[in-house]
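Below, each chain spelled out in residue letters.
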Amino acid sequence: MRRRFGVGRKPPACPVARRAEFGDVLRLDERDEAVKLSILVLTLDGRIPESLTRAAEGRAEVEVVVVTGVSPVGKARNRALALARGEYVAWVDADDEVAEDWLPSILKALETKPDVVDFDASVEWTDRARRVGVLGGRYADGPVDARRYARDVREQNVGGQLWSKVFRRSLFAGRSFVGCHLEDYRMIVSLLPDVRSVVHVARPLYVYRRSGAGLSQHVTGGADVLALVRQAENDRRLAKGVMRIAIDHVRHVRAVPAEVKHFVRRNLWRFLLAAEVRWAERAKALLAAF
């Protein structure tokens, strides 16, 4: 199902995609040129960020794929990928925004044809009177060693979110999202072995609106945390990253699966002695274990 906005016919300032069982593809140009980048947006009410609409308008090489009213999030993501036609895919949450130079910076980075474009993001709390600041800042502009990048993502030294990266769409071939929570991390970790080249943009191109009750706070999703813990038991390379997820989960919920608690305790001392673990994280780990 497709709806198009031609050049000179601007969409409304706060666009609402037509509700459709299988999602909509919004292309902000009428020309049938090859699509380089598919921007995937999942939304419950059809609204998409105004900043995204402004960024994509008039660009024939870009399409915006909007999946409306589909849940759980894994099912919606699979549907968006099935609709996408671009060589690359970017993910934008419906309640976030993109910086003015988000799209130009991505398209510039894609000129070297990397497998992944990674970039920094600014993080804002929607329900607290504080600003987190910038998520990222680990790399300089330009190429990043793919092995180093894979290690940093697995260990969560860099953010494991879909929206702070652009992926070659073929990386998702044969893979699908399942469940709801922690799908970003699980999916990215699964495709990292196929990543050969990474380019980083050392600027906050994305504005992540964070909520104290959001999925990133681990206030729910015990079953998904447990599945990730079991995966880490079979792949020790994930232990440090999953520890960071598990200790946050333990801190935010009352009913913690016993297996998650045991995982934290078994990996505690290795985590406390690991490189690049901040003192605040060590304190949280100790509290989570006992």
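Whatever comes next refers back to the structure up there.
Residues numbered from 1 in each chain as written. Predicted model: local features only at pLDDT ≥ 70, side-chain atom pairs only at ≥ 80, totals over all residues. Heavy atoms only, no water.

## What to know about the overall build of the protein chain
Assigned secondary structure in the protein chain consists of 10 helices and 11 strands. Nonlocal contacts in the protein chain, meaning residues at least 24 apart in sequence, comprise 75% of its contacts between residues at least 6 apart. Surface summary for the protein chain: the accessible area is close to 13500 Å², and the carbon and sulfur share equals 52%. (Helix = DSSP H or I, 4+ residues; strand = E, 2+ residues; numbered from the N terminus. Contact = heavy atoms within 4.5 Å. Areas by Shrake-Rupley, 256 points an atom, 1.4 Å probe, with all protein chains shown as cover.)

## A word on the packing of helix H6 (residues 222-234) against helix H7 (residues 239-252)
Running from N to C, H6 and H7 cross one another at 155°; their axes reach a closest spacing of 10 Å. Judged on the interaxial angle alone, H7 and H6 are roughly antiparallel. Of the two elements, H6 crosses H7, and the hand of that crossing is left-handed. Mapping the contact onto sequence places Gly222, Val225, Leu228, Val229 and Ala232 in H6 and Ala239, Val242, Ile245 and His249 in H7. Classifying every residue of the contact of H6 with H7 by side-chain character gives seven nonpolar, two polar and no charged. (Axes fitted to C-alpha atoms, helices over the stretch in contact; angles between N-to-C directions. Parallel < 35°, antiparallel > 145°, perpendicular 65-115°, else oblique. Left-handed = near helix turned anticlockwise from the far one by under 90°. Nonpolar A, V, L, I, M, F, W, Y, C, P; charged D, E, K, R; others polar.)

## Some details on unusual backbone geometry
The step from Ser71 to Pro72 runs through a cis peptide bond, and the omega angle for that step is 0°. Unusually for a residue other than glycine, Lys113 sits at a positive phi of about 60°. Relative to the elements of secondary structure, Lys113 occurs in the loop between helix H3 (102-109) and strand E7 (116-125). A positive phi angle, close to 65°, is found at Glu276, a residue other than glycine. Relative to the assigned elements, Glu276 resides in the loop between helix H9 (268-273) and helix H10 (279-289). Under the relative-accessibility criterion, Glu276 is labelled partly exposed at 43%. (Buried < 20%, exposed > 50% of the residue type's maximum accessible area, 1.4 Å probe, protein only.)

## A closer look at the side chain of Arg77
Along the chain, Arg77 turns up in helix H2 (residues 73-83). Not counting residues up to four positions away in its chain, the partners in contact with Arg77 are Leu42, Trp91, Leu162, Phe177, Glu183 and Asp184.

## A word on helix H8 (residues 258-266)
For H8, every residue scored as buried is listed here: Val260, Phe263 and Val264. All buried residues of H8 project into a common sector of 100° when viewed along the axis, lining one side. Next to the buried residues of H8 lie H6, H7, H9 and H10. (Arc of directions from axis to C-beta.)

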